Amino acid sequence: MPPREEHTIVLETEAEPASEPDGARQDYAGGERSGFALTPRQKRVFVTLALLLAASLVLFLTWDVNGHWDFALPRRSEQIVALVIVGLAVSTSTVVFHTLTANRILTPSIMGFDALYVLVATALVFMVGSATVAQIDPLVMFGLNTALMMGCATAIYQWILGSGERGLYTLILVGVVAGTFFTSLTNFMFRTMDPNEFDSLMTTLFASFNAIDTTLLWIGGGLLLAGVVVVFRLVPRLDVLGLGRERAITLGLDYRKTVTWLLLVVALLVSVSTALVGPITFLGLLVANLAYQLTQTHRHSVNLVAAGLVSIIALVAGQAVLEHVLDHNGTLGSIINVVGGLYFIGLLLKEARS
Amino acid sequence: MITIDALTKAYDETVVVDHVNLQLPDSGVTSLIGPNGAGKSTLLSMVSRILGADAGSVSVEGVDVFKAPSKQVARKLSILRQDAHTTARITVRELVEFGRYPHSHGRLTADCHAAVAEALTYCDLEDLAERPIHQLSGGQRQRAYVAMVLAQDTRYVLLDEPLNNLDMVHATGLMQLLRRLADEKGKSIVLVLHDVNYASVYSDRIIAMRNGAVVHDGPPEAVITDHALGDVYGMEFSVHTLGGDRIAAYFR
Amino acid sequence: MKLSRSTVAAVAPWVAAAAVLPLAVVSVFVGAANVDFGALWSDEQSRQLLLQSRLPRTFAIILAGAALAVAGLIMQHLARNRFVAPSTAGTVDAAALGLLTVTILTPGMAVMGKVLVACVFALAGTALFVMLIQRVQFKDVIFVPLVGIVLGGVYAAIGQFFAYRTNLTQTMSVWMNGDFSGIIQGRYETLWLAGGVALLAYLFANWFTAAGMGKDFATNIGVNFKWAMAGGLSIAAMVTAVVVTTVGAIPFLGLIVPNIVTMILGDNLRRILPTTALAGAALVLVCDIVGRVLIFPYEIAVGVIVGTIGSAIFLALILRKSNRYAAA
């Protein structure tokens, strides 16, 4: 899968100073073009990321093949497709969520979104029974889960976000506690569940990077595409929202409607990634913040693409290292959580100094 | 004209704005004064639909701010709030360009570029245009936000305590700028002020609030008096005329 | 509801004690096997059950609940943030990481040794958190507990990485999910240590209050800020380490109980400390009893019940009092 984003990048030829105070006028916001004008720094970033992406893809596909191409290639390609889908879903949902909550250390995961997905899936089995569930096509089941998840997430988080008057403090705290609540409720259902139902749930629900649910690849990819298209259509509004709720309203943004749309998309994307590989807490945090650091801009078109690239690179390279260096002895999720978490601490310390 | 009709806001049991009826003019500088907790900022937030009202209505030139599409309202009035500093990494020019959003929705037209350039010039920001706003001083940043509001090009410009955190040089500079906006561009500036003397010197009309209600309303001659100010703040004032301006002393 | 706060504060510990006592009695008599009170003296089996299982379990619940609530209260004060508790400052995850380290390196170590190692890890993990939040100039109230939660996530991730490689994932999840069903005589006694440490907290309460007012304030009235901080954090780390080692983590208990008590009684640490301890014990008793009767004769672990009920209560509190919190 080629990096689709490359096509939307219109590289500008005239070089513009990025942050020189008295530099020549920077005209990239020129709205007559719907393009994707970049500062020289961002161009360098994108070129580097594209090269890294290519390198990690080649590495992943060819490492230790030992001539078994006909076996390795299809299997590894399928893995790559899954990693790309998960990577883009996580990066996109996190960047959107950051803007939605005016905060850069939250991810949908920390705020309980994937816990909610697991809860919804569990509750479904809990109420319908595993015998019935077993007869349903996994795709239909996934669709049902996703639809339920989108409904619940939007209702709950819209209520939490309220009209925004509750204050960010409350919002975040509620989200974190809600995450624990969802997890506890899920555990609670597990404990009261028939052991047979529990087993069937474990196998269908808890996908991981080592056991990617490939039956959902194509529908997952389709939903991802739909989500990404919606997000890119909403980019101007995201930019305005980045100024904060009050300014956005002052500038005529229909806040409630925009937030509802964005929450729906976030819920959709979280459903996709959780269904494919299970919950991953720190990937979004890592890739989104790396992207912001690299691009140094508020523009969502740039940040979304950069975060997506970083995310795919992290997953593909991480999986390659895991399989070949660590001998499969570990999970990509935990490696990324460690790296992402340490990066986060470093980021805090760095910001503390400035 | 902005018409405020029986506007009310309460938190729990405390009524912050209590059935306020007001008409704000379509030009000139109007200042809201009053002690902390009088409801000035809350009133302004509701007028600009950032805060929902518990009762009452606000209409701008016949458009109901709570019911009309947000975009329509955004072409008529804008507000600048004291605390809303953005965390986005953004240059002054980009910030000012956001002011065009209600008109262009992210795709700037030639008109937009002209309006942005004019706003930057007007606020004396051309040299700072490409600087990220977080590198600016307080006064410069406040000017950048004013420029953004200017680019939005609304008839009504609301400002909530714009002089906070500004030293007297920048405070006076900003007040002069706002006065010019009213005089040269015929805008209606409505602002919350803590310094009664800035209100006195720069306003056409002063509205004094206390406990969620309007208690005095009129030109500076009527409101900046020993009696009226004493009534609003519950302390003693002595108003003097200095070079044609009414200046209140309240330090003893 | 027109009682003055001081009246309420004077009555509160007695009310809490009055709740703990009957709950403890219920706890003693609820379980899969029936304990016949009348036959206690004649029936050897009943007596054995009572002495070896039910009483130890009830003691364990009371000690763990009380100590964790106190630990949460102290951390809240020292960090000057309502939402800092063992589960939101990385303390619990650090303790579990310590336990994992012992289990991998010296599996045969005695319980006390394990507790001590877990305590050292918990203290180091919490100290890193405190250092981080002191370094970060941006002292947003949201930021502080979020940093702690994320930091805890990092400790947990490191733990999971090694647990996976040593096949201890299951064991890790036992530590993270409190359960009293395995408590019998001889397997809970370390919890008395937690109780003792919590008592110590009462004696030094005024120190922690002073330290909670800030370094300048503490120094000004002659309290050694560093020692008060270190002492308070050590108490919290010790309690957490003991509880995680013996029964497993009880999520958000140290957060919920002090918040509810503070909401009613105010912030005077010394005055509210006994009530907080008793309320913590009462809450865990209720949750454990509920866990025992809900799917009788099976059991639901107390961690699950506290997580569910506790977080629901907490959500309700935040949302009901939203303005009060939002104002901060």
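Chemist: Sorry if this is basic, but what is going on with the overall build of chain A here?
Modeler: Of regular secondary structure, chain A possesses 14 helices and zero strands. Summarising the internal contacts of chain A: among those between residues at least 6 apart in sequence, 81% fall at separations of at least 24.

Chemist: What should I look at first to understand the sheet that holds strand E1 (residues 2-11) of chain B in this one?
Modeler: Within a sheet, each strand pairs with its neighbour through backbone hydrogen bonds, oriented either parallel or antiparallel. Residue and element names in this part refer to chain B. The four strands lie next to each other as E2-E1-E4-E5, forming an open sheet whose pairing is antiparallel. Two strands lie at the open edges of the sheet, namely strand E2 (14-24) and strand E5 (63-64), each paired on one side alone. In this fold helix H1 (residues 40-47) packs onto E1, E2 and strand E4 (55-60), with an angle of close to 120° to the strand it touches most, E1.

Chemist: What exactly am I supposed to notice about the sheet that holds strand E3 (residues 28-33) of chain B here?
Modeler: Residues and elements named next belong to chain B. Read from one edge to the other, the open sheet built from six strands follows the order E6-E7-E8-E3-E9-E10, with strand pairing classed as mixed. Edge strands, defined here as strands with exactly one partner in the open sheet, are strand E6 (77-80) and strand E10 (213-218). The sheet shows a mean angle of 15° between the axes of neighbouring strands, direction not considered. Sheet analysis places E3 next to strand E9 (residues 205-210), joined by four bridges and oriented parallel. Of the residues in E9, the one forming a bridge with Thr30 is Arg205. In this fold H1 packs onto E3, E6, strand E7 (156-160), strand E8 (188-192) and E9, with an angle of close to 145° to the strand it touches most, E7.

Chemist: Before we go on, may I ask you to explain the environment of C:Val197 in this structure?
Modeler: All names here are of chain C. Among the structural elements, Val197 can be located in helix H7 (residues 190-203). Linking Val197 and Gly280, residues 83 residues apart in sequence, is a C-alpha distance of 15 Å. When sequence neighbours within four positions are dropped, the list of residues in contact with Val197 reads Ala67, Ile235, Met238 and Val239.

Chemist: Before we go on, may I ask you to explain helix H12 (residues 283-295) of chain A in this structure?
Modeler: Think of an α-helix as turning once every 3.6 residues; residues three or four places apart then point the same way. All names here are of chain A. Taking 1.5 Å of rise per residue, 13 residues should cover 18 Å, and H12 covers 18 Å from first to last C-alpha, within 8% of that figure. Considered for burial, the residues of H12 that qualify are Leu283, Gly284, Leu285, Leu286, Val287, Ala288, Asn289, Leu290, Ala291, Tyr292, Leu294 and Thr295. Where H12 ends, the next residue or the one after it, Gln296, has phi of about 55°, a positive value.

Chemist: In this structure, what is going on with the confidence of the model for chain B? I would like to understand it.
Modeler: Caution applies to low-pLDDT parts of the model: their predicted coordinates are not meant to be read in detail. Of all residues in chain B, 97% have pLDDT values of 70 or greater, and the mean over the chain is 89. Per the prediction output, this complex has pTM 0.80; the corresponding ipTM is 0.82.

Chemist: Explanation requested: the pairing of E10(B) in the structure shown.
Modeler: Taken residue by residue, a regular strand's side chains alternate between the two faces of the sheet. Residue and element names in this part refer to chain B. Sheet analysis places E9 next to E10, joined by five bridges and oriented antiparallel. From the neighbouring strand, Met209 faces E10, where its bridge partner is Val214. Connecting E9 to the antiparallel partner E10 that follows it, the hairpin turn spans two residues, and Asn211 within it adopts a positive phi of roughly 50°.

How each quantity is defined
- Residues numbered from 1 in each chain as written.
- Chains lettered and ligands numbered in written order.
- Predicted model: local features only at pLDDT ≥ 70, side-chain atom pairs only at ≥ 80, totals over all residues.
- Helix = DSSP H or I, 4+ residues; strand = E, 2+ residues; numbered from the N terminus.
- Contact = placed C-beta atoms within 7 Å.
- Pairing = 2+ DSSP bridges.
- Axes fitted to C-alpha atoms, helices over the stretch in contact; angles between N-to-C directions.
- Expected span 1.5 Å × (residues − 1).
- Buried ≥ 20, exposed ≤ 12 C-beta atoms within 10 Å, placed from the backbone.
- pLDDT = per-residue confidence, 0-100.

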